[in-house]
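Okay, here's what each chain looks like letter by letter:
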Amino acid sequence: MFDKILIANRGEIALRVLRAAKELGIATVAVYSTADKEAMHVKLADESVCIGPPPARESYLNVPALLAACEITGADAVHPGYGFLAENARFADILAEHGIAFIGPKAEHIRLMGDKIEAKRTAARLGIPCVPGSAGAIADEAEAVKVAAEIGYPVLVKAAAGGGGRGMRVANSADELADALANAKMEAKAAFGDDAVYLEKYLAKPRHIEFQVLGDGKGRAIHLGERDCSLQRRHQKVWEEGPSPALNAAQREEIGGVCARAMAELGYVGVGTIEFLFENGGFYFIEMNTRIQVEHPVTEMITGIDLVNEQIKIAAGSPLSIAQEDVRIQGAAIECRLNAEHPGTFMPSPGRISYFHPPGGLGVRVDSAAYQGYVIPPYYDSLIGKLIVHGRNRTEALMRLRRALDEFVVEGVETTLPLYRTLVRNLDVQNGQYDIHWLEGFLESDEAKAARA
Ligand code: ADP
């Protein structure tokens, strides 16, 4: 087992990793930018090292500074959390060259899945059903027109290096294709430094359903059920729940089994998420994330399995300790992402939290690094925490979420709490009747506007 883990992240996920390490009896090192010297992860770690000024590229993305911090503290492993360097294969390689373990998958698998075209090819080869689309990158407009005619409009132009919903454009007809292509390429170039794009059939009313997988690289892999992340704004998840209100046990077992077998064949190491669009009973792979995800607690609540603990043990070379038969999905869990944002405009609202009262009680979990008096810096994303509830069934989880949201008090900054309070009371949400476009429509409704005024 590792002696000391350096956590190359900040905020709630740094705290989350720290907790898992402490429970395993492993010493922890926090790193921080000068903007984060009062952050909770710094206070709770055994040691801490300042790695640079506020901008992420000079601190949390600063590989030489992170290596130096490992050297100074004698850390033998690095947990990257999510975001920042979590899906940076080069970082994983560099750590390996220095004899430091990367708590995550093999660099080759990060690379493979980071290129969404290669990822789709691999998924298809492993027997995972994919969204119909171009066989590879699109060379020019003429090729796009030809491929789009074959798959049928509407089509979606997507960036091969995509992430965070960027570099994506819909074209409803051949007339719209040239613009969609140019805009997607431009956005992809700016965001990822790579303008390769591909085409996919644009599904009209799908749900976003993703499977949590866990592999040990020794030929064993399991799935831990799904999360339904259909409630999205600008292709970004807002509310995640498991199990999906739209799946039955047979569907779960079938597609989950396909995912687990594919990961075993790939020799995948650690946690991963295989994302699908689900429409008319069919599953269509869109991408795989090779890291712990923001919404992982949903799975932890319904399976009782600590995913970060498993991640650390597997990275240290342990074989998978859980068999597929041992995974039992119990009850229902829902996660709300709490952002320091204006609930009407979604503009970031950094500043000092003057009062902070998180809810508690049975089945309520708050993963947050916020505290009363904490000043949210303007340099990073606006996620200040997550509220996760668990109930014996979805109805109980919804009632519990409702009371927990009503109990949650954050003063001094704007938060998205009011949005969740209206969502949890909405009939479509209560009935589980929503697709990936539902939330955008809801946000335009008078009901939503009045609540967020
Ligand atoms: P990113 O890596 O940027 O998050 P994804 O491929 O995971 O991109 O897609 C993000 C979201 O975009 C999905 O959850 C879904 O809402 C939408 N999306 C992606 N592909 C399609 C498609 N082929 N048809 C309809 N919606 C899609």
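Up top you'll find the structure we're talking about.
What comes next is a walk through the structure. (Residues numbered from 1 in each chain as written. Predicted model: local features only at pLDDT ≥ 70, side-chain atom pairs only at ≥ 80, totals over all residues. Heavy atoms only, no water.)

### Brief notes about the sheet that holds strand β7 (residues 166-171)
In sheet architecture, strand pairing relies on hydrogen bonds along the backbone and comes in two forms, parallel and antiparallel.
And then number 1: Strand order in the open sheet made by the three strands is β7-β6-β8, with antiparallel pairing throughout. Lying at the two open borders of the sheet, with one neighbouring strand each, are β7 and β8 (197-201). Recorded for the sheet is a direction-independent mean angle of 25° between the axes of neighbouring strands.
And then number 2: As judged from the five bridges shared by strand β6 (residues 155-163) and β8, these two strands associate in the antiparallel manner. The residue of β8 that forms the bridge with V155 is K201.
And then number 3: Across the sheet, helix α8 (residues 174-192) lies against β6, β7 and β8, angled at about 175° from β7, the strand it touches most. (Pairing = 2+ DSSP bridges. Helix = DSSP H or I, 4+ residues; strand = E, 2+ residues; numbered from the N terminus. Axes fitted to C-alpha atoms, helices over the stretch in contact; angles between N-to-C directions. Contact = heavy atoms within 4.5 Å.)

### A few points about the layout of surface pockets
And then number 1: Size it by volume and the second largest pocket reaches roughly 190 Å³.
And then number 2: Every residue lining the second largest pocket is listed: H223, G225, A249, R252, E253, Q324, E325, V327 and I329.
And then number 3: When residues of the lining of the second largest pocket are traced back to their parent elements, those giving at least two are β10 (221-233) and α9 (249-266).
And then number 4: Among the elements that take part in the lining of the second largest pocket, α9 stands out by supplying three residues, more than any other.
And then number 5: Grouping the amino acids of the lining of the second largest pocket by side-chain chemistry returns three nonpolar, three polar and three charged. (1 Å grid on protein atoms, 1.4 Å probe; cavity = no way out; pocket = protein on both sides within 12 Å on 5 of 7 lines; lining within 4 Å. Points joined across faces, edges and corners; volume = space filled by probe spheres on them. Nonpolar A, V, L, I, M, F, W, Y, C, P; charged D, E, K, R; others polar.)

### Some details on the sheet that holds strand β2 (residues 27-33)
And then number 1: The parallel open sheet is built from five strands, whose spatial order is β3-β2-β1-β4-β5. Every other strand in the sheet has two partners, leaving β3 (47-52) and β5 (101-102) as the edge strands with one partner each.
And then number 2: Here helix α1 (residues 11-23) sits on the sheet in contact with β1 (4-7), β2 and β4 (77-79), set at roughly 175° to β1.
And then number 3: Sheet strands touched by helix α3 (residues 63-73): β1, β2, β3 and β4. Its angle to β3, the strand with the most contacts, is close to 155°.

### A few points about the packing of aromatic side chains
And then number 1: The final tally for this structure, using the stated rule, is 12 aromatic pairs.
And then number 2: Where Y371 meets Y374, the ring centres are 5.3 Å apart and the plane angle is 45°; that geometry is what we call tilted. Pair check on accessibility: Y371 and Y374 agree, each one buried.
And then number 3: Here a set of aromatic residues connected by ring pairs shows up, and it is made of F211, F276, F278, F283 and F285.
And then number 4: Its end group placed over the ring of Y434, R207 keeps NZ or CZ at 4.4 Å from the ring centre.
And then number 5: It is R233 that lies over the ring of F346; its NZ or CZ is 3.8 Å from the centre. (Phe/Tyr/Trp six-rings, centres within 6.5 Å; stacked < 30°, edge-to-face > 60°. Buried < 20%, exposed > 50% of the residue type's maximum accessible area, 1.4 Å probe, protein only. Lys NZ or Arg CZ within 6 Å of the ring centre and 35° of its normal.)

### Quick look at the packing of α1 against helix α11 (residues 307-315)
And then number 1: Relative to each other, α1 and α11 sit at 65°, their axes nearing to 9 Å. In this structure, α1 crosses over α11, and the sense of that crossing is right-handed. For the pair formed by α1 and α11, the contact residues are R16, V17, A20 and A21 on the first element and L307, V308, N309 and I312 on the second. (Left-handed = near helix turned anticlockwise from the far one by under 90°.)

### Considerations on the state of the cysteines
And then number 1: Here the structure, examined in full by the defined rule, presents zero disulfides.
And then number 2: Lacking any disulfide linkage, C50 is separated from the closest cysteine sulfur, that of C70, by 15 Å.
And then number 3: The exposure class of C50 is partly exposed, given its relative accessible area of 38%.
And then number 4: Here C130 is not cross-linked by a disulfide; its sulfur's nearest cysteine counterpart is in C259, at 11 Å. (Disulfide = S-S within 2.5 Å.)

### A look at the site of the ligand
And then number 1: Close to the ligand lie 22 residues, the nearest being G165, K201, H208, Q232 and E287.
And then number 2: Measuring from an oxygen atom of the ligand, one finds a side-chain N or O atom of K158 at 2.9 Å.
And then number 3: E200 is positioned with one of its side-chain polar atoms (N or O) 3.0 Å from a nitrogen atom of the ligand.
And then number 4: In the complex, 96% of the free accessible area of the ligand, which totals 550 Å², lies under the protein chains.
And then number 5: Here the shell around the ligand gets four residues from one element, more than from any other, and that element is β6.
And then number 6: Taken together, the residues of the shell around the ligand sort by class into eight nonpolar, seven polar and seven charged.
And then number 7: Of the residues that make up the shell around the ligand, three or more belong to each of domain 2 (132-201) and domain 3 (207-452). (Near = heavy atom within 4 Å. Polar contact = N/O pair within 3.5 Å; in protein donor to acceptor, adjacent residues only side chain to side chain. Areas by Shrake-Rupley, 256 points an atom, 1.4 Å probe, with all protein chains shown as cover. Domains from an automatic or database assignment.)

On their own, these measurements won't tell you what the molecule is for.
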